[in-house]
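Here is how the chains run, residue by residue.
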Amino acid sequence: MIPELGNFSLILACCLASLMAIIPMAGAVSNNQLWMSLARPLSSGIWVFMLLSFACLAYAFLNDDFSVNYVANNSNSLLPTRYKFTGVWGGHEGSLLLWVLILASWSYAVSLFSRNLPLDILARVLSVMGIITSGFLLFMLLTSNPFERSLLNTPLDGRDLNPLLQDFGLIVHPPFLYMGYVGFSVAFAFAIAALLSGRLDAAWARWTRPWTNAAWSFLSVGIALGSWWAYYELGWGGWWFWDPTENVAFMPWLIGTALIHSLAVTEKRGVFKSWTVLLAIAAFSLSLLGAFIVRSGVLTSVHAFAVDPARGMVLLTLMLLVIGSSLFLYALRAPVVKSTASYTLTSREVMLLINNIILVVATAAVLLGTVYPLLHEAVYGEANRVSIGPPYFNTIFLPLMGLLAFVLGIGSCSRWKNTSVDYLKQQLLKVFIASVALGIIIPVITTGGFNLGAIIAMVLAVWIMLTIIKDMINKTANKPTRWKGLKALSLSYYGMQIAHLGMSVIILGVCLTSQYSVERDVRLMPGESETIGRYEFVFEGVTTEQGPNYEADRGTVTVLKDGESYLTLRPEKRFYFATRAVQTEAAIDVGLFRDLFTALGDERGDGSWVIRIHFKPFVFWIWMGAFLMAFGGVLAITDKRYRSKKVAVSKPQKVNVSDTGKLAGEAS
Amino acid sequence: MARLALFMIFTVLCMNNLQAAIEVYQFDSPDQEERFHQLSDQLRCPMCLNSNLSGSDAPIAADLRAEIYEQIIDGRTNDEIIDFMTQRYGDFINYRPPLNRGTVLLWFGPLLLLLAGLLVVWRMVRSNQSADQALALTAEQQQKLEKILTGKK
Amino acid sequence: MNQRVKLFIPGVFFILMLGLLLFGLGRNPNQVPSALVDRPLPQFSLPELNQELVSVSSSDLQGSISIINFWATWCPPCHVEHPYLVEISESESDVRFIGVNYKDDLVEARLFLEEKGSPFEQVIIDLDGSLGIDFGVAGAPETFIVDSFGTIRYRHVGIINHQIWAETFEPIIARLK
């Protein structure tokens, strides 16, 4: 009964989404207030039914209803309860349900937090969201329904969730990732609404910015969680492989970053409007491309969900309709009139434009590398397949990021419209020299060796940090006290600086860990040890442990630091009953400045075991930097200018006049 | 249908080869060990779903790592080892695509795009400045107009 | 007007990308073709399974069309395809069937062939898999078609049954004759 209810909810949601796709848009075109105002209740309805549908699927999982095929394929009676719940999104159909639930949530959020929005813009935005929602719901109902049942041949038990997914990472990574991925649909909808209504101006940019920032922040966290998960789960100490599924999550993020910056320019100066709209369309298009690649089997990946060309065709058609029509609309309706605002070569506008060009080129490079095997095969045939992996991507991507880091420093000091080169030199030359000096001194002194990669990374990271400090000094120079000056700076300013700081932290994390990691695979008898630097890893032995749905060999490794007892690591090798799969669970001690990583290999005939030991300095900074960026993005949203205007009246009651709509006197 | 079933079994088996392989090799020098890791990272596991040799515990990956080890100890260079592998498994096994007619676009495309982008910026700023100058003239005229207007009041 | 035309570029790019992805849907990325097709057989000289002191070398394979099948007792699909191979080898008289026992236990292998029959004229022992590496083999079963000049013409990954033999192998063999 419950699965049927879930299915029915999906159908209802689809009907409502189709209505939301048509009626408010028609209302906007014909200026029908009633039709336009239906958008909000429709979005609430869709959200309610999607929640219900999700709840039904979760119920089926939690109650071991193996008559539902999806539950039988992804669950097991012995599966721990938290993984029964998160198993809802452990496979293709269920993760699609999560996707659409999140899409419905974003639509609902737009309807809630849009009191400042003119009704016709809101109507168009929600209609676009409705088009996308109904498209995905049709896709689900027609090809990927999670509620399909086998009532006649109900299996006695499920096939269990893939052991790799029975992990905390599954609980957090997909929800955050989808919040980001799907969240770019809001910016996309705003862009389409702007093109349709012809109203593409600074106000439009201001409406769009918080939604874009939110989606971008979520995506930053989602990607970081995925990377961190791969790091501790797969056991080889790597955290980014340029796998197609990683790339298709990363590309919307890169374009999203460009979009955030482009929106800033459009809001402040009214220029680059066409670029901004195009970026908004591109960001969500890349999200759709990602959904396609992960679910169609076109590219080989360990992470791919379904290898089903038929589903791929439907997704491709969806992409053609959504992206094709939006790009066509863009070509017809994007503004071509040259803006009257002017800017010089070293102005903030141009710096941001260069920033965006670098990000777009980086995205293009990632896209090129990801689909090139297809292109090459189309031209040269399948006998000459090429593989494109980290050697290519790192070679192209890292220099671009280095260039970006350099431009970042200059850009944050530049002024709108015009910044004289002399001014820049006067501000930044000393900072640059200091960065180079520190960048060389710090690594050489602390490690005693000369490592070019580490030095370049340190120079760039220090450069960003020092330019942040320099700019804050500049901005508080004319205030009565520095402290007052700091308090006067807006939240969105702090958001920007924290996000940029996050970037420099990531640069350090990525480069230092790749340059200074030590990895050893050793064979040890109980009692023997291996030393890396100040740490001595003593292997004590292996015991057998029972888990809820697995049996494990658990090793004990005592770690001594400078000869003193420090901590104990317990790597495991698990044998899962249902899938009969063997899985290594690494034991990691996470530290701010280093990770200590051990994993258990095979037992040798003489009682010794093969053990992997990693020393990974600064790897935590990678995730920390990503979280800083996300935090900066969220902080920027809380800035006063995005909140509804509240006017304090001298009467005892405070009246909220935000609904008057007029935002005259908005200082940019 | 059997083929599909077989393929899916194959796939599931491959999925479980995701985890790192941990084995012990003795090297004559740290440099050799470094080369071993670098080559194992650069070469692709022929039967896995996008994994390098160091990140897979598939039997063939283990065999190929053993082969790399032997060849390093034997004194072969990195290029020779990669040639050995690509002769047998094709360019497919090398995660670093070769630079040839078929991959020129791949290797130089991004750089060309970057230069094109910077050129576009240059042209935008230039045309913007000349438009600005055209406006400046009318700004003078605007001033004249204002004088007239304020004069009249 | 020129400005407006430029705005169509993203759309055109997108359509091209879509075409590429459509092409991608039509092929299977997990079937890796052999790098050795249309190249000579790797040189080898290795012992034979059932005859001590006899070795099989690559030059022995010249003169007639050969089917080289990599198999092992630890490989379940090999068990599945074995009866088909036995039948096919009997019906194809002018094609030599050579087996390669790939990283296997020799005693088990001999027992297996005794019990289930052998489609192979000769069986090469590849204990450590190095012949497999030379052939670009990734696992078992894999089967190669070699022409009478010792050039590899085709590689098949996976089991062989009557249908696959008729659809895939026979046309190639017919062309080689």
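The paragraphs below set out a description of the structure included in this document. Not measured: the values here are computed from a predicted model. (Residues numbered from 1 in each chain as written. Chains lettered and ligands numbered in written order. Predicted model: local features only at pLDDT ≥ 70, side-chain atom pairs only at ≥ 80, totals over all residues. Heavy atoms only, no water.)

### Brief notes about the overall build of chain B
Step number 1: A count of helices and strands for chain B gives five helices and zero strands.
Step number 2: Reading the helices (α) and strands (β) of chain B from amino to carboxyl end gives α-α-α-α-α.
Step number 3: Every one of the 153 residues in chain B was classed for burial, and the buried ones make up 44%. (Helix = DSSP H or I, 4+ residues; strand = E, 2+ residues; numbered from the N terminus. Buried < 20%, exposed > 50% of the residue type's maximum accessible area, 1.4 Å probe, protein only.)

### Considering the overall build of chain C
Step number 1: Scanning chain C from terminus to terminus reveals six helices and seven strands.
Step number 2: Along its sequence from the N terminus, chain C presents helices and strands in the succession α-α-β-β-β-α-β-α-β-α-β-β-α.
Step number 3: Computed over C-alpha atoms, the radius of gyration of chain C comes to 21 Å, more than 25% over the 16 Å expected from 2.2 N^0.38 for 177 residues, which places it beyond the range of a compact globule.
Step number 4: Dimensions of chain C, computed from C-alpha atoms along their principal axes, come out at roughly 85 × 30 × 30 Å.
Step number 5: Looking at chain C residue by residue over its 177 residues, the buried ones come to 54%.
Step number 6: Considering only contacts within chain C whose residues lie at least 6 apart along the sequence, 72% involve residues at least 24 apart.
Step number 7: In the form shown here, chain C has an accessible surface area of approximately 8,300 Å², with 57% of it arising from carbon and sulfur atoms.
Step number 8: One way to put it: in chain C the 12 positive side-chain charges average out to a point 18 Å from where the 22 negative ones average out. (Rg over C-alpha atoms; globule rule 2.2 N^0.38 Å. Contact = heavy atoms within 4.5 Å. Areas by Shrake-Rupley, 256 points an atom, 1.4 Å probe, with all protein chains shown as cover. Lys, Arg positive; Asp, Glu negative; His and termini not counted. Charge placed at Lys NZ, Arg CZ, Asp CG, Glu CD.)

### Regarding the pattern of salt bridges
Close approach of charged atoms allows side chains with opposite charge to pair.
Step number 1: Applying the stated criterion to the full structure yields 28 salt bridges over all chains.
Step number 2: Beyond isolated ion pairs, a larger network of salt bridges with shared partners links A:Glu377, A:Glu382, A:Arg385 and C:Arg27. (Salt bridge = Lys/Arg side-chain N within 4 Å of Asp/Glu carboxyl O.)

### Examining the sheet that holds strand β10 (residues 609-617) of chain A
All names here are of chain A.
Step number 1: Ordered in space as β1-β10-β9-β8, the four strands form an open sheet in which the pairing is antiparallel. Both edges of this open sheet fall to β1 (518-524) and β8 (587-590), since each of them pairs with a single strand only. In this sheet, neighbouring strand axes are inclined to one another by 15 degrees on average, regardless of whether the strands run parallel or antiparallel.
Step number 2: For β8 and strand β9 (residues 594-603), the ladder comprises four bridges, and the chain directions are antiparallel. By the bridge assignment, Val590 is partnered in β9 with Asp595. (Pairing = 2+ DSSP bridges. Axes fitted to C-alpha atoms, helices over the stretch in contact; angles between N-to-C directions.)

### Some details on the state of the cysteines
By definition, a disulfide links the sulfur atoms of two cysteines through a covalent bond.
Residue and element names in this part refer to chain B.
Step number 1: Going through the model one piece at a time under the given rule, you end up with two disulfides over all chains.
Step number 2: With its sulfur 2.3 Å from that of its partner, Cys45 forms a disulfide with Cys48. Given an S-S torsion of about 55 degrees, the disulfide between Cys45 and Cys48 has right-handed geometry.
Step number 3: In this structure Cys45 comes out as buried when scored by relative accessible area, which is 0%.
Step number 4: Under the relative-accessibility criterion, Cys48 is labelled buried at 8%. (Disulfide = S-S within 2.5 Å.)

### Here we look at the interface of chain C and chain A
Step number 1: Each partner contributes residues to the interface: chain C has 24 residues there, and chain A has 32 residues.
Step number 2: Interface area lost by chain C to chain A is led by C:Leu7, C:Leu21 and C:Leu25, which between them contribute 24%.
Step number 3: Our count for the chain C to chain A interface comes out at one salt bridge.
Step number 4: Salt-bridge contacts for A:Glu377 lead to C:Arg27; the nearest nitrogen and oxygen are separated by 2.9 Å.
Step number 5: Summed over the shared surface of chain C and chain A, the number is five residue pairs in polar contact (both at pLDDT 80 or more).
Step number 6: For the side of chain C that touches chain A, the secondary-structure elements that each account for two or more residues are α1 (2-6) and α2 (9-25) of chain C.
Step number 7: The dominant element in the side of chain C that touches chain A, judged by the number of residues it contributes, is α2(C), at 13 residues. (Buried area = accessible area lost by both parts, 1.4 Å probe. Polar contact = N/O pair within 3.5 Å; in protein donor to acceptor, adjacent residues only side chain to side chain.)

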